[in-house]
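# A look at the structure
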Amino acid sequence: MDHFLYRDGELYAEDVPVREIAASVGAPFYCYSTATLTRHFRLFDEALDGMDHLVCYAMKANSNQAVLSLLGSLGAGMDVVSGGEYRRAKAAGVPGERIVFSGVGKTEGEMRLAIEGGIRQFNIESEPEMALLSAVASSMGVEVPVTIRVNPDVDAKTHEKISTGRKGDKFGIPISRAKEIYAQAAALPGLKVIGIDVHIGSQMTDLEPFRLAFRKVAELTEVLRAEGHEIARLDLGGGLGIPYERSNEAPPLPVEFGQVVREEVSHLGCEIEIEPGRLIAGNAGILVSEVIYVKSGEDREFLILDAAMNDLIRPAMYGAYHDIIPVVEPEAGAEPAVYDIVGPVCESGDTFAKQRVMARMGAGDLVAFRSAGAYGAVMASEYNSRPMIPEVLVHGDQFAVIRARPTFDEMINRDTIPSWM
């Protein structure tokens, strides 16, 4: 569910006409719904009701400060994967005791930053990282809580580039070596082992891989406890998918995911952490773009938009699907058209959709990409010297720009010409 609906023949974001926002900030822009972000966070929180738990938002999905501040105010923790994300979480008012530090390449500087600023736990991904964190923590005279991310060799049945729990993926330590590596961790100074971490992929639409992974984690918990380790916390990751293509069967709901958690690990008495990102932010955002031209090719028509692959990279990178709808609702019975929907960047890969059936459009018309709130603005770039586009947050009948479009001068003047030139 989201809060982007047609009303009186035009698309609204909550109680604000999208055309009104476009007239104010100019296209293209991202628009997020406070109501949808709030609802989706609460669905996950309620799914684990009655269990000791924390929902840590995976902020790589959308790390705008306003989004983080909103979720933090609702009680969310944050799952960060870099020093920059850690700084963003703290700047948004999220306390260190609600921040989990994940990621395969943590540096010494990032470790020191998080220890000094406060951290709920580090999710360790490798033996070299474990040794470095031990050395850093010891040099600072502290003991830091850690989980170790295990790779359960479970196929998430998702896109190749976002599957993370198979034995050939770069994430975590093989679950077959867990006893050995937990013994190493217990012997290292500066580390306090508190639990197990697992995350097997993103945009998952089947609960069975979750069940298999959680079952393996439950078995490992019993083994490690028998070895004398205190396993008090299970970080079960995220990855639940969203319905990008509305005609397809809807993915499982958070409450169904929560039921799998209960069935597989609740008997262990552990505190549960989950790290959803896409499902919280994805359907909470749209990308609004204006048609520049309708171009007739040899065998097709091209809808050329002012948004491009540098603004929304998912279709070019993953072949990802987004519903693309007109901001002005088509009249009933209107003759549809078939378009290749493309951007202005000088790459053939700058293609959002091929042979997409939709309402007939003309220059100056607005379209909205649904389900663009996750991995949209956060993955954008300035390729072709195109400024980053604005982000807008809607709350009821109000809206505010939460990241402004830079001027061309601001973009260009970040570069420096050496004195010898």
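Computed from a predicted model, the values in this text were never measured in an experiment.

Turning next to the overall build of the protein chain. Helix and strand counts for the protein chain come out as 12 helices and 21 strands. What you see for the protein chain is a C-alpha radius of gyration of 23 Å, in line with the 22 Å of a compact globule of 421 residues. C-alpha extents for the protein chain along the principal axes are approximately 70 × 60 × 40 Å. Relative to its full complement of 421 residues, the protein chain shows a buried share of 54%. When contacts within the protein chain are restricted to residue pairs at least 6 apart in sequence, long-range pairs at least 24 apart make up 69% of them. In the form shown here, the protein chain has an accessible surface area of approximately 17,900 Å², with 51% of it arising from carbon and sulfur atoms. Where the 40 positive side-chain charges of the protein chain centre and where its 61 negative ones centre are 3 Å apart.

Before going further, it helps to spend a moment on empty space enclosed by the protein. Taken as a whole and assessed by the stated rule, the structure comprises one cavity of 30 Å³ or more. Volume-wise, the largest cavity comes out at about 40 Å³. For the largest cavity, the full set of lining residues is Phe 44, Gly 237, Gly 238, Gly 239, Leu 240, Phe 257, Ile 274, Glu 275 and Pro 276. Each residue belonging to the lining of the largest cavity can be placed in one class, and the counts come to five nonpolar, three polar and one charged.

Turning to the sheet that holds strand E1 (residues 4-7), a few remarks are in order. The strand order across the open sheet built from three strands is E1-E2-E3, with neighbouring strands paired in antiparallel fashion. This sheet does not close on itself; its edge strands, each paired only once, are E1 and strand E3 (16-17). Sheet topology places strand E2 (residues 10-13) next to E3; two bridges connect them, and they run antiparallel. When the sheet's bridge partners are listed, Tyr 12 is paired in E3 with Pro 17.

Further remarks concern the pairing of E2. For a regular strand, the rule is simple: side chains alternate between the two faces of the sheet. Pairing of E1 with E2 involves four bridges; the strand directions are antiparallel. Within E2, the position partnered with Phe 4 by the bridge is Ala 13. In this structure, the hairpin formed by E1 and E2 is closed by a connection of two residues, where Asp 8 is found at a positive phi of approximately 55°.

On to the environment of Ile 389, then. The residue Ile 389 is located in the loop between strand E19 (366-369) and strand E20 (391-395) in this model. Sequence separation between Ile 389 and Arg 405 is 16 residues, and the spatial gap between their C-alpha atoms is 5.1 Å. Other than its neighbours up to four places away in sequence, Ile 389 contacts Pro 28, Phe 29, Tyr 30, Leu 287, Asp 311, Arg 403 and Arg 405.

Further remarks concern unusual backbone geometry. Residue Pro 28 follows Ala 27 across a cis peptide bond; omega there is -5°. By secondary structure assignment, the location of Pro 28 is in the loop between helix H1 (18-25) and strand E4 (29-33). At Asp 8, a residue that is not glycine, the phi angle is positive and equals roughly 55°. Residue Glu 14 is not a glycine yet carries a positive backbone phi of 50°.

Going through the model one piece at a time under the given rule, you end up with seven aromatic pairs. With 5.0 Å between their ring centres and 80° between their planes, Phe 210 and Phe 257 make a pair best called edge-to-face. You can see Phe 210 sitting in helix H8 (residues 208-226) and its partner Phe 257 sitting in helix H9 (residues 254-265), a full 47 residues away along the chain. The exposure classification of Phe 210 matches that of Phe 257, with both residues buried. Between Phe 214 and Phe 257 the ring centres are 5.9 Å apart and the planes differ by 80°, which places this aromatic pair in the edge-to-face class. With Phe 214 in helix H8 and Phe 257 in helix H9, the pair connects residues that are 43 residues apart, well separated along the chain.

Before going further, it helps to spend a moment on the packing of helix H4 (residues 83-91) against helix H5 (residues 108-117). Interhelical geometry of H4 versus H5 gives an angle of 20° and a closest axis separation of 9 Å. Compared by their axis directions, H4 and H5 come out roughly parallel. Judged by the sense of rotation from one axis to the other, the crossing of H4 with H5 is left-handed. Contacts from Gly 83, Tyr 86, Arg 87 and Lys 90 of H4 reach H5 at Glu 110, Leu 113, Ala 114 and Gly 117. Of the residues assigned to the contact of H4 with H5, the class counts are three nonpolar, two polar and three charged.

Reading guide: rules and limits
Residues numbered from 1 in each chain as written. Predicted model: local features only at pLDDT ≥ 70, side-chain atom pairs only at ≥ 80, totals over all residues. Heavy atoms only, no water. Helix = DSSP H or I, 4+ residues; strand = E, 2+ residues; numbered from the N terminus. Rg over C-alpha atoms; globule rule 2.2 N^0.38 Å. Buried < 20%, exposed > 50% of the residue type's maximum accessible area, 1.4 Å probe, protein only. Contact = heavy atoms within 4.5 Å. Areas by Shrake-Rupley, 256 points an atom, 1.4 Å probe, with all protein chains shown as cover. Lys, Arg positive; Asp, Glu negative; His and termini not counted. Charge placed at Lys NZ, Arg CZ, Asp CG, Glu CD. 1 Å grid on protein atoms, 1.4 Å probe; cavity = no way out; pocket = protein on both sides within 12 Å on 5 of 7 lines; lining within 4 Å. Points joined across faces, edges and corners; volume = space filled by probe spheres on them. Nonpolar A, V, L, I, M, F, W, Y, C, P; charged D, E, K, R; others polar. Pairing = 2+ DSSP bridges. Phe/Tyr/Trp six-rings, centres within 6.5 Å; stacked < 30°, edge-to-face > 60°. Axes fitted to C-alpha atoms, helices over the stretch in contact; angles between N-to-C directions. Parallel < 35°, antiparallel > 145°, perpendicular 65-115°, else oblique. Left-handed = near helix turned anticlockwise from the far one by under 90°.

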